Every structure is written in structure tokens, then in C-alpha cells.
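The primary structure of each chain is shown beneath.
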Amino acid sequence: MAARMRSFRPLACRVAPRCLLRQIHSSCISKDNAKVRSVVEEALRASPASYAHDFAADHHFFEDADIKMLADLGINTQVVQHNASPGTLYNEALHYERGSEILSTGALAAFSGQKTGRSPGDKRIVDEPSTSADVWWGPVNIKLSPNTFKINRERAIDYLNTRERLYVFDGFAGWDPNYRYKVRVITSRAYHALFMHNMLIRPTAEELANFGEPDYTIYNAGAFPANRATEGMTSGTSVSLNFASGEVVILGTEYAGEMKKGVFTIMNYLLPKKNILSMHASANEGRNGDVTIFFGLSGTGKTTLSADPERALIGDDEHAWTDDGVFNIEGGCYAKAIGLTREKEPEIWDAIRFGTLLENVVFDRRSGKVDYDDNSLTENTRVSYPLEYIPNAKLPAVAGHPSNIVMLTCDAFGVLPPVSKLTPSQAMYHFISGY
């Protein structure tokens, strides 16, 4: 029996160390987990510096956000993103705006809501003494009374005051410093702020520090409708411009293109009074300094033809012609995206990256890839990007006098020949007829 017991001792001795090892191993794991937990908690603990300002956890604080700037206008919202970076505007749009997504290219997708195009029939200009005699009144420039404008402005201010956060962007219209105007945009959507960050000329840090009061202010309260019962209103949408007060009020449409066209309307009034021709046209420059102007309505090819890899892009849509030459009014491009391919438009395709805004496009939520042929939301899908996203853009966007003028048209009936060389009188006739 003793011999049998002795035969078991080695087994007992073999088993005991394994149990002991399990206990030691478990103890080490517990200690390691505690150590990891301690490291993670320390890493996540807020630093004392983060308590320097009292603001909401999801608010990106900017020390240069001047709340008084808005208070003087009757706007009391306390959370304001003033001249925020594209990255911050991405964060805001993703957090607060339905339909916003980062796409596979790094661009931001945005949805403008019910309105996916401009509403020219709802555009109004205030009929007031300082400008009344200079405006060509009619079905395009429709009169609005100062009192109705005041009602719409108050309605926009009231709506903006209901928002928990607002976005303000300051930029320039006009690359020529001699004919440049300061524009301030106040909006409730980060998507709108990013759009105007792309489309206006972005000031340098020094220019922002000395920006001062804007020449024109855009109040974009497009998520809130106009009152149809107000005199002069024909729908819930209203885009009204007051030259006397230097203000644009947008109600009832969140389509970003209304802001762009509002700025162009301002320049179309101000520049001719200085003997400068404002032009709905694109422009580029050859290696020898030869400038070509492409006139045409939307969709006729201005953006496509001006983005020529062999020529420097001056701009794709809005220009002015002075005694010294031409300059771009805008700081970016707003191209149609429907049917876009790299083979047909490589410069525009390659400009779709971080900072670019894709408007009302259809995309795969899993892969983030856009179907540029899908027009189920609208035929008017758009892409907005800064001018410098085109590799051969001419910056500053100022050039000499044009040596070639091309008038583009979509001739659905085949009446016009493919290419026609016009005489001066023919060119003047077609220009006055609508170019």
C-alpha cells in the first residue's frame, strides 16, 4: 500500500504545479487587465485645458466667433461657426444634416431637400428710390415692396434664432482687388457654409482680420417657408434682394445655387455701373496668354470646355471684362455631375476629393461610390469645388483681353450649323438676344 501511495506521489506532484500555474496566470491576467483599463481611462480623461471654456461637448469652439456681429442683426444664437474649416463643416453636416455622407473620394454628399434647382419665378428685387430707375423691371426682375422685404427679413431672423447652431462665412466676389465686394453668408446648414466656402473667394488670414463690415449679407433661412399671404409672394419660396440695405433673404428653398446666383445678380447690377461688362461665361488662357471666353446658358458646355488640360482655367461660369482684361467673380466651380466620367472630363473628375461638395447625387451607402448616371433625385446633380482643385487653374484668376469669343448653344432642332464664324454685327445680335 505504501508502495502504491508512493507511485501516486509523482502524479500529485505533477498536478499541483499546474493548478498553481493557473492561479498565477489568472492573477497576471487580472493585473494586466487592470493596467490596460488604467491606461485607457487616463488617455480618455479630459485635460485641465479642456475646461477653459464653457460650451457644449459637440461644439467646436472658435475664439474669433464674434457673437456681437450677429446680435447687432437681431440674431441671438450662441453657437456659431465663423469661417470654419471644411473638416469642421464635414463634422457638423454629418452630425446634424440628413443625407450627408463622406463618399469614397473624400467628398461630402449633401441633400438640398424638396428644391433641387433654382426658383427664378420666386426671385424679387426691392423697388426703392436709389436703384428703381436702373433696374429693367419685368418678368425676370420682379418688384418687391420695402415693407414685404422687411417682413421676409424678420421671418428669416426669427427662424435663425430658433436654431441651436449657425454658420457664418466671409468671402469675396471678384478676383480683381479694384472691383471686389465683401460678402457675408449666415445660414443654418453646414452644407451651405461649405458651398459658399468653395464658391466665394477665400480671404487670407490677414484679409479676414481686416474684413470689417460686409458689403452684402445673405440670410439663408431656406428651411423655413415664406408666408404666401404676404403681399408679393406667389409661393412658399422667396429669394429677395435689397440693394439699398445690401441684403439677400432666402426662404423656402435649401438649394445652395440660390446663394451663388444671388451674388451674381448683385455683380450684374454693380459692375455695369462702373463700365464693366459682367458675363455669364467661362474663360481660359493659352500658353501664349491668349484668352478665350465661352458664353452660354447652363448646360451648354461652359465648364467642360474651359477645363482644358492644355490651357489655364480662369473660371467656369461668372466673369467680368474691364479696360484691363477679364477676371473671375468666383472662387470655385459649380459643375453639372449628371453623366460625369473621367474619360470625358478628367479635370472635374479628379477635383472630386476632400473639400468638394456633391449635391443631390445617388450613391451606394456601403461603398460610398456615386452613380453619376442616376437622375432619380434630379437631373440637376452638381459638384462644387475650389478653383485650385483644377491643377492648371490660373491664380489669381485675372487675365488679359480675350482674343477669342465662343457662343455656345444647345440647338435641339438642328437649325444652326455645328460651327459658325460670326461677323461683329451678328455677334452683337446674338449677345443681346440672350448670351
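Our subject is the structure listed above.
Overview of the structure. This one's a predicted model, so the numbers in the text were calculated from it and none came from an experiment.

### Quick notes on the environment of Arg 287
By the element assignment, Arg 287 lies in the loop between strand S11 (277-285) and strand S12 (291-295). Residues Arg 287 and Glu 310, 23 residues apart in the sequence, show an inter-C-alpha distance of 8.0 Å. In terms of polar contacts, Arg 287 uses its side chain to reach the side chain of Glu 310, at 3.0 Å.

### Side note on helix H3 (residues 86-96)
Among the residues making up H3, those that are buried are Pro 86, Thr 88, Leu 89, Tyr 90, Glu 92 and Ala 93. In this structure, the buried residues of H3 make contact with strand S1 (79-82), strand S2 (101-102), strand S3 (108-110), strand S6 (165-173) and helix H5 (190-199).

### With respect to the packing of H5 against helix H7 (residues 257-270)
At their nearest, the axes of H5 and H7 sit 9 Å apart, and the two run at 40° to each other. Judged on the interaxial angle alone, H7 and H5 are oblique. In this structure, H5 meets H7 at a crossing whose hand is right-handed. Mapping the contact onto sequence places His 192, Phe 195, Met 196 and Met 199 in H5 and Gly 257, Met 259, Lys 260 and Val 263 in H7.

### Things to note about the sheet that holds strand S17 (residues 357-359)
Backbone-to-backbone hydrogen bonds join strands into a sheet, with any given pair of strands oriented parallel or antiparallel. Here we have 5 strands laid out as an open sheet, ordered S2-S3-S17-S20-S16, and mixed in their pairing. Edge positions in the sheet fall to S2 and strand S16 (332-336), since each of these pairs with one other strand and no more. Sheet analysis places S3 next to S17, joined by 3 bridges and oriented parallel. Looking at S17, one finds that Ala 110 is bridged to Glu 359.

### Comments concerning the sheet that holds S1
An order of S1-S6-S7-S8-S10-S9-S4-S5 is seen for the 8 strands of this open sheet, with the pairing classed as mixed. With one partner strand each, in any of the chains shown, S1 and strand S5 (142-144) form the two edges of the open sheet. Averaged over all neighbouring strand pairs, the angle between strand axes comes to 20°, with direction disregarded. Each of S1 and S6 touches H3; the most contacted strand, S6, lies at about 140° to it. On the sheet, H7 packs against strand S4 (123-126), S6, strand S7 (181-187), strand S8 (216-221), strand S9 (238-242) and strand S10 (247-251) and is oriented at approximately 155° with respect to S8.

### Structural notes on the nonpolar core
Of all hydrophobic cores here, the largest spans 81 residues; its most connected members are Phe 195, Met 196, Ile 218, Met 259, Val 263, Leu 358 and Tyr 385. Once residues lying within four places of it in the same chain are set aside, the contact partners of Val 263 are Ala 173, Val 183, Met 196, Leu 200 and Ile 218.

### Structural notes on the packing of aromatic side chains
This structure, assessed with the given rule, holds 9 aromatic pairs. Note on Tyr 90 and Phe 354: the rings are 4.6 Å apart at their centroids and 40° apart in plane angle, and the pair reads as tilted. With Tyr 90 in helix H3 and Phe 354 in the loop between helix H9 (346-350) and S17, the pair connects residues that are 264 residues apart, well separated along the chain. Plain terms: the ring middles of Tyr 179 and Phe 327 are 6.2 Å apart, the flat faces sit at 5° to each other, and that makes the pair stacked. Taken together, the residues Tyr 179 in the loop between S6 and S7 and Phe 327 in strand S15 (residues 326-328) connect sequence positions 148 residues apart. Accessibility expressed as a relative area gives 1% for Phe 327, which makes it buried. Linked through ring pairs, Tyr 216, Phe 243 and Tyr 269 together constitute an aromatic cluster. Lying over the aromatic face of Phe 211, Lys 182 brings its terminal NZ or CZ to 5.6 Å of the ring centre. Here Arg 353 stacks its cationic end above the ring of Tyr 389, 3.7 Å away from the centre of that ring.

### Some points on the pairing of S10
Most of S10 sits inside the fold, with 5 of its 5 residues counted as buried. Across the two faces of S10 the burial is the same, with Glu 247, Val 249 and Leu 251 and Val 248 and Ile 250 all buried. The sheet contact formed by S8 and S10 spans 5 bridges and is parallel. Within S10, the position partnered with Tyr 219 by the bridge is Val 249.

### A closer look at a nonpolar patch on the surface
Together, Phe 413, Val 415 and Leu 416 make up an exposed nonpolar region whose accessible area comes to about 390 Å². In this structure, Phe 413 sits in the loop between strand S22 (402-407) and helix H10 (424-432).

### Some details on the pattern of salt bridges
The tally for this structure, following the rule as stated, stands at 19 salt bridges. Across the pair Arg 153 and Glu 154 runs a salt bridge, and its minimum N-O distance is 3.6 Å. Between Asp 317 and Lys 302 there is a salt bridge, and its shortest N-O distance comes to 3.8 Å. Of this pair, Asp 317 sits in the loop between strand S13 (312-315) and strand S14 (318-321) while Lys 302 is found in helix H8 (residues 302-306), placing the two residues 15 residues apart along the sequence. According to the relative accessible area criterion, Asp 317 is buried, its value standing at 9%. Each of Lys 260, Lys 302, Asp 317, Glu 318 and Glu 330 takes part in one network of salt bridges that share partners.

Conventions used here
Within every chain, residues take consecutive numbers counted from 1 along the sequence as written. For a predicted model such as this one, the threshold for reporting local features is a pLDDT of at least 70, and the threshold for listing and counting side-chain atom pairs is 80 or more; totals across whole chains, interfaces and linings nevertheless cover every residue. The side-chain quantities take in all heavy atoms of the structure and omit both hydrogens and water. Numbering of helices and strands runs from the N terminus, with a helix taken as a DSSP run of H or I at least four residues long and a strand as a DSSP run of E at least two residues long. Here a polar contact means two N or O atoms within 3.5 Å. Within protein one must be a hydrogen donor candidate and the other an acceptor candidate, and residues neighboring in sequence count only if both atoms are side-chain atoms. For every residue, the accessible area (1.4 Å probe, protein chains only) is compared with the maximum for its type, and the residue is labelled buried under 20%, exposed over 50%, or partly exposed between those bounds. Throughout, a contact is declared for two residues whenever any of their heavy atoms are within 4.5 Å. Note on method: axes are straight lines fitted to C-alpha atoms, helices fitted across the in-contact stretch only, with angles between N-to-C directions ranging 0 to 180 degrees. When describing relative orientation, an angle under 35 degrees is termed roughly parallel and one over 145 degrees roughly antiparallel, while 65 to 115 degrees is termed roughly perpendicular and anything else oblique. By definition, any crossing whose near helix is turned counterclockwise from its far helix by less than a right angle is left-handed, and any crossing with a clockwise turn is right-handed. DSSP bridges decide pairing: two strands pair if at least two such bridges lie between them. Each nonpolar core is a collection of buried residues, namely Ala, Val, Leu, Ile, Met, Phe, Trp, Tyr and Cys, held together in the definition by side-chain atoms within 4.5 Å. What counts as a ring pair is set by centres within 6.5 Å for rings of Phe, Tyr and Trp (its six-membered ring), and what kind of pair is set by the plane angle: stacked under 30 degrees, edge-to-face over 60, tilted for all other angles. The criterion for a charge sitting over a ring is simple: Lys NZ or Arg CZ within 6 Å of the ring centre, and within 35 degrees of the ring normal. Nonpolar side chains (Val, Leu, Ile, Met, Phe, Trp, Tyr) are joined into patches within 5 Å and like charges within 9 Å, using only residues with over 30% relative accessible area and no salt bridge. Note on areas: Shrake-Rupley with a 1.4 Å probe; residue coverage comes only from the protein chains shown. Any carboxyl oxygen of Asp or Glu that lies within 4 Å of a side-chain nitrogen of Lys or Arg is treated as forming a salt bridge with it.

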